[in-house]
Number of protein chains: 2
Amino acid sequence: MKEARFFYAPNAEDNDRLPPEEAAHALRVLRLKADDEIFLMDGKGRFFRAEVTLTSRQDCCYRITEELPQQKTWNGYIHLAIAPTKHIDRIEWMVEKATEIGFDELTFLQTAFTERKNIRVDRIEKIVVAAAKQSRKAWLPVVNDCMSMTEFLNVPHRGAKFIAHCYDDFEKVDLMAALQRDSNVNEAVVLVGPEGDFSHEEVAQALTKGFQSVSLGNSRLRTETAGLMAVTMAQLTYRR
Amino acid sequence: MKEARFFYAPNAEDNDRLPPEEAAHALRVLRLKADDEIFLMDGKGRFFRAEVTLTSRQDCCYRITEELPQQKTWNGYIHLAIAPTKHIDRIEWMVEKATEIGFDELTFLQTAFTERKNIRVDRIEKIVVAAAKQSRKAWLPVVNDCMSMTEFLNVPHRGAKFIAHCYDDFEKVDLMAALQRDSNVNEAVVLVGPEGDFSHEEVAQALTKGFQSVSLGNSRLRTETAGLMAVTMAQLTYRR
């Protein structure tokens, strides 16, 4: 099976050549030449069939031959806000998998017990682009930088709002059940805490801001697994 | 928060000391001493509270003080049979995550397009044990060695049988919908193919052996993500 060659080209339609990194891959790894067929995704819902017109040492020029209509495979908006894990590779694989499975927005949370204080958003975006290309997603998830928990709670959010945590003294409902109950809303933001969970005060604060207290099931999940489970539950609820 | 110390001790009740590897961790990393409280899981559904009675350079002896009754958090049996990925780290993280989320049995499949010909089962078992301890699972999933696709199809399997693949010319139903429809069965084996999918003949052969042709949704998933999605769908169907 010959793999179709997908490239990420924001504003593909207004350009005639691949962005430098994609061009490097096209020229040096795939060794594309004039007349080769390629596919372009602009990350904003558009896919194009194109052909290579000209290559130089650095440039890979193309001509769009056809727009391929896309439909998002889920009808809704899934926003995950998660505390970054101490070991960055754990959050990185979650980003790859969540992109494959399908979600819309990712925010990194600074919480009371978050051990990691910063995230290289450019690195996360590269993972998102690679996973979106690999899984043929026409829409790229938005990646936001770190935000403090307080700031995040004070920003207005559309749709249903959930906070997943492990405390027993706050009543919890199952996230999947809650999503299905509100499935006419079709927009959700889910908060997932760090290795040491949210602080008790953070959960209480979120509840006063209209977040619903939820559980991700009876298993004790690592932060990154919890994030992926939240995305999967939303995806299984919203998918067409 | 002080972490409870969990140790894997098969036949915990018939012994008075931790297995060598667990003892090394208890003595050299956690520096446990007499009277410290520990928890033991035997991997077959039993959890014990115990106290350290005696330590030497190599031995960590214990006395069981209480059995802690366990209930499996899902009512069913989930068997994943998957082709190992070319890069072993991809299958390894899937094993960790599937153990956290919860499943019962794992078989590695040699298929027409499987690039990796062997798996170190001892290494996979270590990952399973670590993840089961971390997520407090009383039951350890069974890990089977590589088996050829033909051999696997010819062995009798209990419960519902599914093969997930990407061919459009075999009619497919959604795995989650199929599981929920048959949820009185509560036992499922799901086959997931390698990077290049099963061969067309393998799918046809599975169908003649009573496997149902299923899809894991509209997303194009990598092998390891497909495996985790299959486990998650079964877990969400069977959980209590």
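Quick caveat: nothing in here was measured; it's all calculated off a predicted structure.

(A) Layout of the packing of aromatic side chains. Residues and elements named next belong to chain A. Summed over all chains, the structure comprises seven aromatic pairs over all chains. Between F6 and F39, the ring centres sit 5.2 Å apart and the planes meet at 15°, which makes this aromatic pair stacked. In this pair, F6 is assigned in strand β1 (residues 6-8) and F39 in strand β2 (residues 37-41), connecting sequence segments 33 residues apart. When sorted by exposure, F6 lands in the same class as F39, which is buried. A cation over an aromatic ring shows up here: R158 above the ring of Y77, its NZ or CZ 5.8 Å from the ring centre.

(B) Structural detail: helix α2 (residues 88-101) of chain A. Residue and element names in this part refer to chain A. Helix length check: α2 (14 residues) gives 20 Å between terminal C-alpha atoms against 20 Å at 1.5 Å per residue, within 8%. Along α2, the positions that sit buried rather than exposed are R90, I91, E92, W93, M94, V95, E96, K97, A98, T99, E100 and I101. Two residues or fewer after α2 comes G102, characterised by a positive phi angle close to 115°.

(C) Spatial organisation of the relation of the copies chain B and chain A. Taken as rigid bodies, chain B and chain A are interconverted by a rotation of 180° and an axial shift of 0.0 Å, the fit giving an RMSD of 0.0 Å. Both copies are brought into coincidence by an operation consistent with a two-fold rotation axis. Comparing interface residues between copies, 100% of those in chain B also sit at the interface in chain A, which points to an isologous, same-surface contact.

(D) Layout of the domain arrangement of chain A. Residues and elements named next belong to chain A. Here chain A is described as being made up of domain 1 (6-69) and domain 2 (77-239). Computed from C-alpha coordinates alone, the two centres of domain 1 and domain 2 are separated by 33 Å. The partner domain 2 presents nine residues to the 12 residues of domain 1 that form the contact. For the domain 1 and domain 2 pair, buried surface summed over both sides reaches about 870 Å², with 65% attributable to carbon and sulfur atoms. Summed over the three residues of domain 1 that lose the most area to domain 2, namely F6, Y8 and M41, the buried surface amounts to 47% of that side.

(E) How the structure looks around the environment of A230 of chain A. All names here are of chain A. Mapping A230 onto the fold places it in helix α7 (residues 223-238). Judged by relative accessible area, which is 1%, A230 ranks as buried. With 185 residues separating them in the primary sequence, A230 and G45 have C-alpha atoms 24 Å apart.

Parameters and conventions
Residues numbered from 1 in each chain as written. Chains lettered and ligands numbered in written order. Predicted model: local features only at pLDDT ≥ 70, side-chain atom pairs only at ≥ 80, totals over all residues. Heavy atoms only, no water. Phe/Tyr/Trp six-rings, centres within 6.5 Å; stacked < 30°, edge-to-face > 60°. Helix = DSSP H or I, 4+ residues; strand = E, 2+ residues; numbered from the N terminus. Buried < 20%, exposed > 50% of the residue type's maximum accessible area, 1.4 Å probe, protein only. Lys NZ or Arg CZ within 6 Å of the ring centre and 35° of its normal. Expected span 1.5 Å × (residues − 1). Least-squares fit on C-alpha atoms with pLDDT ≥ 70 in both. Contact = heavy atoms within 4.5 Å. Domains from an automatic or database assignment. Buried area = accessible area lost by both parts, 1.4 Å probe.

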